[in-house]
Amino acid sequence: MTVLGDFHAHVYFDEKTVSLARVLSEEARDHFGIAMGRVHEKNVGPHPRWSCQLSVPPEKFGEVVSWLSLNRNGLTLFIHANTGDDLKDHTDHAIWMGEVLDLNLSAFS
């Protein structure tokens, strides 16, 4: 049986949309009381764009993801479960909002 820890919602952006991403991430953090990571202005790990991570507990998943879908302002979001299997979590257990991008899966080798 797969054990679910939480979810990560990665907000993707570039130099033109960094302020939109920061505002979206901060509003989600403040509205839902979820953890917000650093606003990375470089590619980190498997992520093909600059990103900011939101950590979403399972009990808040529905309301947070619904809110993100309505408030993402054209930004691409990559959302995945955290089960301890990083490769599956970033492939089989993933949800995309907006553009679907190729991840750098070699980060899991």
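In every chain, residue numbers begin from 1 and rise along the written sequence. Side-chain atom pairs in this predicted model are given and counted only at pLDDT of 80 or more, local residue features only at pLDDT of at least 70, and totals for whole chains, interfaces and linings cover all residues. Working from all heavy atoms in the structure, the side-chain values ignore hydrogens and water.

Each axis is a line fitted through C-alpha atoms, taken for helices only over the stretch in contact, and angles between the N-to-C directions span 0 to 180 degrees. Numbering of helices and strands runs from the N terminus, with a helix taken as a DSSP run of H or I at least four residues long and a strand as a DSSP run of E at least two residues long. Interhelical geometry of helix 1 (residues 18–32) versus helix 2 (residues 61–71) gives an angle of 150° and a closest axis separation of 11 Å. Along this stretch, helix 1 crosses helix 2, giving a crossing that reads as right-handed. Packed against helix 1, whose contacting residues are Leu-24, Glu-27, Ala-28 and Phe-32, the element helix 2 presents Glu-63, Val-64, Trp-67, Leu-68 and Asn-71 at the interface. Residue polarity follows a fixed list, in which Ala, Val, Leu, Ile, Met, Phe, Trp, Tyr, Cys and Pro are nonpolar, Asp, Glu, Lys and Arg are charged, and the others, Gly among them, are polar. Considering only residue class, the contact of helix 1 with helix 2 consists of 6 nonpolar, 1 polar and 2 charged. The hand of a helix crossing depends on one turn: near helix anticlockwise from the far one by less than a right angle means left-handed, and clockwise means right-handed. Note on definitions: a residue-residue contact is assigned when non-hydrogen atoms from the two residues lie within 4.5 Å.

Turning our attention to the sheet that holds strand 3 (residues 50–56). Read from one edge of the open sheet, 5 strands run 2-3-1-4-5, paired in antiparallel fashion. Two strands lie at the open edges of the sheet, namely strand 2 (35–40) and strand 5 (94–97), each paired on one side alone. The average angle at which neighbouring strand axes cross in this sheet is 15°, direction not considered. Contacting strand 1 (7–13), strand 3, strand 4 (77–81) and strand 5, helix 2 runs over the sheet at an angle of about 30° to strand 5. Criterion used throughout: strands pair if DSSP finds at least two bridges between them.

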